[in-house]
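Observations on the model geometry
Each chain, written out:
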Amino acid sequence: MICNLAVIKGDGIGPEVVTEAMKVLDKVGEKFGHTFNYEQILMGGCSIDATGEPLTDEAVAIAKSKDAVLLGSIGGNTQTSPWYKLPPEKRPEAGLLKIRKELELFANLRPAYLYPELKEACPLKESVAAQGFDMMIMRELTGGLYFGDRYTKEIDGVVTAVDTLTYTEKEIRRIAIKGFDIAMKRRKKVTLVDKANVLDSSRLWRKIVAEVAADYPEVEFETMLVDNAAMQLVKNPSQFDVMLTENMFGDILSDEASMITGSIGMLPSASLNETKFGMYEPSGGSAPDIAGKNIANPIATILSAAMMLRYTFDLDKEADAIETAVKKVLEEGYRTIDIAKPGEAQVKCDEMGSLIADRI
Ligand code: NAD
Ligand code: IPM
Ligand code: MN
């Protein structure tokens, strides 16, 4: 198969981890007879520096012309980087939001799985980690607070900042259907996480998702308030199968879920629309604190490439091969700094990529 990809290396550790994912994809290509063609485009801080814009329309057009996008991460230190002196719509994150919206990537899948080999990297108490967990966070990605009206102005002499959280029935229904479809292929349970005791938008989510649930009688459906969900994630994460939620709750809970897998460097993600097109990226950020040191964990990006093979190209065998190779390196005891025990030997980012590629 010929797979045409737009590649966005981005900022910080982005170029380091994406290079390793490409190394692994090339090995898959060699072993299974596929060709991966890459066209690099700029997004984020590097694009601001080169063009003055966090994402140009030309770059969007290139992304749209491909089968999928492989992304590292964008952004810098939000306190110290000069990019954050620019108006909000010119900052790195505006590029990410633009590509999500332009490509209508409304369904963000963030699978959080505790590899048995990483039980000791999991910060939960032993008795909880021993049970393991395997959940899919289904985060709505093109609505809510991220895309509502936003402004700061003086109202009656008082400086006032406004962000609005908007959802339409249609936006809720399409992600709910994706969530239940995915639950049917997993353990058949959906937990809708919301704040229906306060927010109108959450009350609409409950109504629409319950309607969708009625079409999936085999799937157990429950609702949970987001504050409780944050607590349950550390108390008993094995209770979750598909966790369905709006944009910002999903952003926050997926970082929490990543940490209980051992590290944010382990959590992949797929952002999908109604077609086979997808954008695949680690759930974490550009990690400016460790960028340029070759110590980032590339596994989240490598597992995101596996998700791409599965969801965009239907190459299940090849995706399995990547996931098995990741499991093998963990079994063999290789660890990057973020998942190593104190005093344990560590491998660098590029070594981890090579170790995984060698096991394909
Ligand atoms: P971050 O996820 O970049 O980093 C949080 C912590 O996790 C840091 O200590 C970092 O070193 C560590 N970490 C992250 N990825 C790692 C990896 N692969 N291996 C080892 N350790 C890893 O979050 P932040 O510091 O809040 O944000 C930094 C920048 O990244 C900001 O500009 C933010 O907007 C941006 N960001 C971008 C994306 C994206 O591109 N999708 C996602 C999140 C944050
Ligand atoms: C993520 C990131 C982004 C988000 C930021 C960088 C805009 O945190 O992909 O999780 O909040 O969606
Ligand atoms: Mn995030």
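Residues numbered from 1 in each chain as written. Chains lettered and ligands numbered in written order. Predicted model: local features only at pLDDT ≥ 70, side-chain atom pairs only at ≥ 80, totals over all residues.

This brings us to the nonpolar core. Within the largest apolar cluster, 103 residues are counted, with the highest numbers of intra-cluster contacts made by V24, V69, L70, Y280, I302, A305 and I322. Counting residues per element, this core draws most heavily on helix α10 (residues 299–311), at 10 residues. When we break this core down by domain, the ones giving at least three residues each are domain 1 (1–113 + 261–360) and domain 2 (123–260). Those residues in contact with V69, other than ones at most four positions away along the chain, are L5, A6, I8, A63, M279 and Y280. (Core = buried A, V, L, I, M, F, W, Y, C linked by C-beta atoms within 7 Å. Buried ≥ 20, exposed ≤ 12 C-beta atoms within 10 Å, placed from the backbone. Helix = DSSP H or I, 4+ residues; strand = E, 2+ residues; numbered from the N terminus. Domains from an automatic or database assignment. Contact = placed C-beta atoms within 7 Å.)

G75, E93, L96, D251 and S283 make up every residue found near ligand 2. Broken down by class, the residue content of the shell around ligand 2 amounts to one nonpolar, two polar and two charged. (Near = placed C-beta within 6 Å. Nonpolar A, V, L, I, M, F, W, Y, C, P; charged D, E, K, R; others polar.)

In terms of residue burial, strand β4 (residues 107–113) counts as a mostly covered element, since six of its seven residues are buried. When β4 meets strand β5 (residues 134–140), the two strands line up antiparallel, connected through seven bridges. Bridge pairing in β5 links A112 to M135. When β4 meets strand β11 (residues 268–272), the two strands line up antiparallel, connected through three bridges. For L109, the partnering residue across the bridge sits in β11 and is A270. (Pairing = 2+ DSSP bridges.)

Glancing now at α10. Look at α10: 18 Å from first C-alpha to last across 13 residues, which is about the 18 Å you get at 1.5 Å a residue. Along α10, 13 of the 13 residues are buried, which leaves the element largely enclosed by surrounding structure. (Expected span 1.5 Å × (residues − 1).)

Pairing within the open sheet is mixed, and its 10 strands lie in the order β2-β1-β3-β12-β11-β4-β5-β10-β8-β9. Strands with a single pairing partner mark the edges of an open sheet, and in this sheet they are β2 (35–40) and β9 (220–225). Between one strand axis and the next, the sheet turns by 25 degrees as a mean value, whatever way the strands run. Of the strand pairs in this sheet, β5 and strand β10 (residues 242–245) are connected by four bridges, and their pairing is parallel. (Axes fitted to C-alpha atoms, helices over the stretch in contact; angles between N-to-C directions.)

Right, let's get into the site of ligand 1. Around ligand 1, the surrounding shell holds 24 residues, and the nearest of these are S73, G75, G265, G284 and G285. The residue makeup of the shell around ligand 1, split by class, is 10 nonpolar, 10 polar and four charged.

This paragraph deals with the domain arrangement of the protein. Partitioning the protein into structural domains gives domain 1 (1–113 + 261–360) and domain 2 (123–260). When each unit is reduced to the centre of its C-alpha atoms, the spacing between domain 1 and domain 2 is 23 Å. Listed by partner, the interface residues are 21 residues for domain 1 and 22 residues for domain 2. Elements supplying a minimum of two residues to the side of domain 1 that touches domain 2: α4 (92–102) and β4. For the side of domain 1 that touches domain 2, the element with the highest residue contribution is β4, accounting for seven residues. Residues of the side of domain 1 that touches domain 2, tallied by class, amount to 11 nonpolar, six polar and four charged.

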